[in-house]
Amino acid sequence: MKSAVETLNPTRVRLTVEVPFEELKDSLDAAYKKINQQVTVKGFRKGKIPARVIDQRFGRGAVLEEAVNDALPKFYTEAVNEAELSPLGQPEVDITELKDGETLNFTAEVDIRPALEIPDYSGIEVEVDAVEVTDEDIEKSVEQLRERFASTSPVERAAEDGDVVTIDLEAKVDGEVLEDGIANGVSYTIGSGELLDGIDDAVKGLSAGEEATFTSELKGGSAAGKEAEVTVKVTQVAARELPELDDEFAQLASEFDTLEELKADSRKRLTNMKQFDQATQAQERVLEKLLELVEVPVPEKLLEDEINTRKHNLEHHQLAQMGLTLDKYLEIQGKTAEEFETETREAAVKGIKTQFVLDELVKKENLNVNQEELTEHLMRRAASSGMSPDQFAQAVVEGGQVPLLVGEVARGKALAVVVESATVKDTNGEVVDLDDEEETEEAPAEAEATEASDSAEEKTEG
């Protein structure tokens, strides 16, 4: 077999392959054997029909077609390996010549991973937010904890902001009460924004036994998105009472004996959270700088597939779970369809570029993934998926997704190498040491490239 490669553009090549006919022998034998098992000829036992009889009865062309279909993937793969290509997706194959007993010639056009030059990235500098926890932050954190331990008691007065009211609801659309439009005994905190738009204004000022009617767009149910006339009746008004901020509260709401110890712990937790946010911000900004340094051509077919995948996942999974249509989502976000298309394309381009660049870095830095790293990553992915580690691991293995997970971990390690060599300063001009903060959850580069990895890696080698 002889093959040659013609570069059509930085992300697409055409392979020209010439196969001597004798190299088709195994595929021809397999073709005759397969046809033997599928047909019957009077006077011959099944599976024992001579080749010449098959040629006479069914035509030599049918045999050649079966043999070529069997042989093409093997010769294509040999040509790809010989040229050391990294194909993306299935090739477009064209048989240019097939002469019985002489030769098989074909061409195969396919998208490939572009060859990338990773420049020196040690000079990357980024600025991140400083880690600052104020007394106001501590007070807000303690106040949120205090809210969780609030108690309620019924009162004989009109409802006010912050009160907890027990209400009955009835929703009508076009004058008809909806089958799923009645709810009784609903507990609602005025001002929480957890129910329908307009309900706060409707119930404020009502006492137990009083009702009001207002118009609101339904967020869920059989008439989601439609305007409804909603009648709300208050059956009870209860005032919320917050516990005193003292040592007794600290003992009630935490493992600490004093309020000062509780506040000190809040400061520590908020500091850790802000350090994590700072590390994430550093990784994101270093990644952006890295991508600016590298010229990355993106295969158009891969990009279109990635855009379609992102749209499908958003519309049929994320939004469907929330009972939203794409149009409604865009309305809530205040975006036009054109803006959504542009943002989706930009995100897809960034995801593909991120994967290509970090994969190249993995090779350049000779990074490997050990079992412990893979297991830790699997545990994180399982937690985010809502599955148990065993269930997630089983799904990964059965779906042949282990290489995808290995790639995600390797890309995270590649970004960590770049971040380590970069200069990171906070808004106060202080150099940030991320050593203690890098043992965090999934790196943003992993998350960024993971969205594109299914499209790119599943297309590698077809």
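Residues numbered from 1 in each chain as written. Predicted model: local features only at pLDDT ≥ 70, side-chain atom pairs only at ≥ 80, totals over all residues. Heavy atoms only, no water.

Describing the overall build of the chain
In step 1: When its secondary structure is counted, the chain shows 14 helices and eleven strands.
In step 2: On the principal axes, the C-alpha backbone points of the chain span a range of 100 × 65 × 40 Å.
In step 3: The buried share of the chain, reckoned over its 462 residues, is 37%.
In step 4: Within the chain, contacts between residues separated by at least 24 positions form 70% of all contacts whose residues are at least 6 apart in sequence.
In step 5: Within the structure as shown, the chain displays about 26200 Å² of accessible surface, and the carbon and sulfur contribution to it stands at 45%.
In step 6: Across the chain, the mean location of the 49 positive side-chain charges is 10 Å away from that of the 105 negative side-chain charges. (Helix = DSSP H or I, 4+ residues; strand = E, 2+ residues; numbered from the N terminus. Buried < 20%, exposed > 50% of the residue type's maximum accessible area, 1.4 Å probe, protein only. Contact = heavy atoms within 4.5 Å. Areas by Shrake-Rupley, 256 points an atom, 1.4 Å probe, with all protein chains shown as cover. Lys, Arg positive; Asp, Glu negative; His and termini not counted. Charge placed at Lys NZ, Arg CZ, Asp CG, Glu CD.)

Observations concerning the UniProt feature "domain: PPIase FKBP-type" (unreviewed entry) in the chain
In step 1: Mapped onto this numbering, the UniProt entry annotates "domain: PPIase FKBP-type" (unreviewed entry) at residues 162–215.
In step 2: Summarising residues 162–215: 9% helix, 54% strand, and an end-to-end C-alpha distance of 22 Å. (UniProt positions renumbered as here; feature names shortened; annotations may be inferred.)

Some details on the sheet that holds strand S2 (residues 12–20)
The strands making up a sheet associate through backbone hydrogen bonding, with each pair oriented either parallel or antiparallel.
In step 1: The sheet built from four strands is open, its strands ordered S1-S2-S4-S3 with antiparallel pairing. The two strands at the open ends of the sheet, each matched to only one other strand, are strand S1 (2–9) and strand S3 (87–99). Adjacent strand axes in the sheet meet at a mean angle of 20° when their direction is disregarded. (Pairing = 2+ DSSP bridges. Axes fitted to C-alpha atoms, helices over the stretch in contact; angles between N-to-C directions.)

Description of the pairing of strand S11 (residues 423–426)
In step 1: The alternating pattern of S11 places Val-424 and Asp-426 on a buried face, while none of Thr-423 and Lys-425, on the opposite face, is buried.
In step 2: Pairing geometry for strand S5 (residues 125–128) and S11, over four bridges, is parallel. Its bridge partner being in S11, Val-126 is matched across the sheet by Val-424.

With respect to the packing of helix H1 (residues 25–38) against helix H3 (residues 60–83)
In step 1: The geometry of H1 relative to H3 is characterised by a closest axis approach of 8 Å and an angle of 120° between their N-to-C directions. As the angle between them shows, H1 and H3 are arranged oblique. Between H1 and H3 the crossing geometry is right-handed. Between H1 and H3, the contacting residues are Ser-27, Leu-28, Ala-31, Tyr-32, Lys-34 and Ile-35 on the first element and Arg-60, Val-63, Leu-64, Glu-66, Ala-67, Asp-70 and Ala-71 on the second. (Parallel < 35°, antiparallel > 145°, perpendicular 65-115°, else oblique. Left-handed = near helix turned anticlockwise from the far one by under 90°.)

Describing the nonpolar core
In step 1: In this structure, Ile-124, Val-286, Leu-290, Val-357 and Leu-361 are the most contacted members of the largest nonpolar core, which totals 36 residues.
In step 2: When contributions to this core are tallied by element, the ones reaching two or more residues are S5, helix H7 (259–293), helix H8 (300–321), helix H10 (337–364) and helix H13 (402–421).
In step 3: Beyond its immediate sequence surroundings of up to four residues, Val-286 is in contact with Ile-124, Val-126, Leu-415, Val-418, Val-419 and Ala-422.
In step 4: One finds Ala-31, Val-68, Ala-71 and Tyr-76 within the second-largest nonpolar core, a separate group that totals 31 residues. (Core = buried A, V, L, I, M, F, W, Y, C linked by side-chain atoms within 4.5 Å.)

Side note on the side chain of Asn-105
In step 1: Following the sequence through the fold, Asn-105 ends up in strand S4 (residues 103–112).
In step 2: At a separation of 3.1 Å, a polar atom in the side chain of Asn-105 contacts the side chain of Thr-103.
In step 3: Each residue touching Asn-105, except ones within four places of it in the same chain, is listed here: Val-17, Glu-18, Val-19, Ile-95, Thr-96 and Glu-97. (Polar contact = N/O pair within 3.5 Å; in protein donor to acceptor, adjacent residues only side chain to side chain.)

With respect to the packing of aromatic side chains
In step 1: Tallied over the full model, the rule gives one aromatic pair.
In step 2: Look at Phe-149 and Phe-249: their rings are 6.2 Å apart centre to centre, the planes differ by 90°, and that puts the pair in the edge-to-face class. A residue pair is termed long-range when its members are at least 10 positions apart, and Phe-149 in the loop between helix H4 (135–148) and strand S6 (151–154) and Phe-249 in helix H6 (residues 247–253) qualify at 100 residues. (Phe/Tyr/Trp six-rings, centres within 6.5 Å; stacked < 30°, edge-to-face > 60°.)

Describing the pairing of strand S8 (residues 176–189)
It is a general feature of regular strands that their side chains alternate between the two faces of the sheet.
In step 1: Pairing analysis gives eight bridges linking strand S7 (residues 164–173) to S8, with the strands arranged antiparallel. Each bridged residue has a counterpart across the sheet, and for Thr-166 the counterpart in S8 is Ser-187.
In step 2: Counting the residues in the hairpin turn of S7 and S8 gives two residues, including Asp-174, whose phi is positive at 55°.

Re the pattern of salt bridges
In step 1: Tallying each qualifying case throughout the model produces 33 salt bridges.
In step 2: Asp-135 is the partner of Arg-267 in a salt bridge, and the nearest nitrogen-oxygen pair spans 2.9 Å. Of the two residues, Arg-267 is situated in helix H7 and Asp-135 in helix H4; the sequence distance between them amounts to 132 residues.
In step 3: Residue classification places Arg-267 among the partly exposed residues on the basis of a relative accessible area of 33%.
In step 4: The salt bridge partner of Arg-146 is Glu-143, with a shortest N-O separation of 3.3 Å. Taken as a pair, Arg-146 and Glu-143 lie in helix H4 at a separation of three residues, close to a single helical turn. (Salt bridge = Lys/Arg side-chain N within 4 Å of Asp/Glu carboxyl O.)

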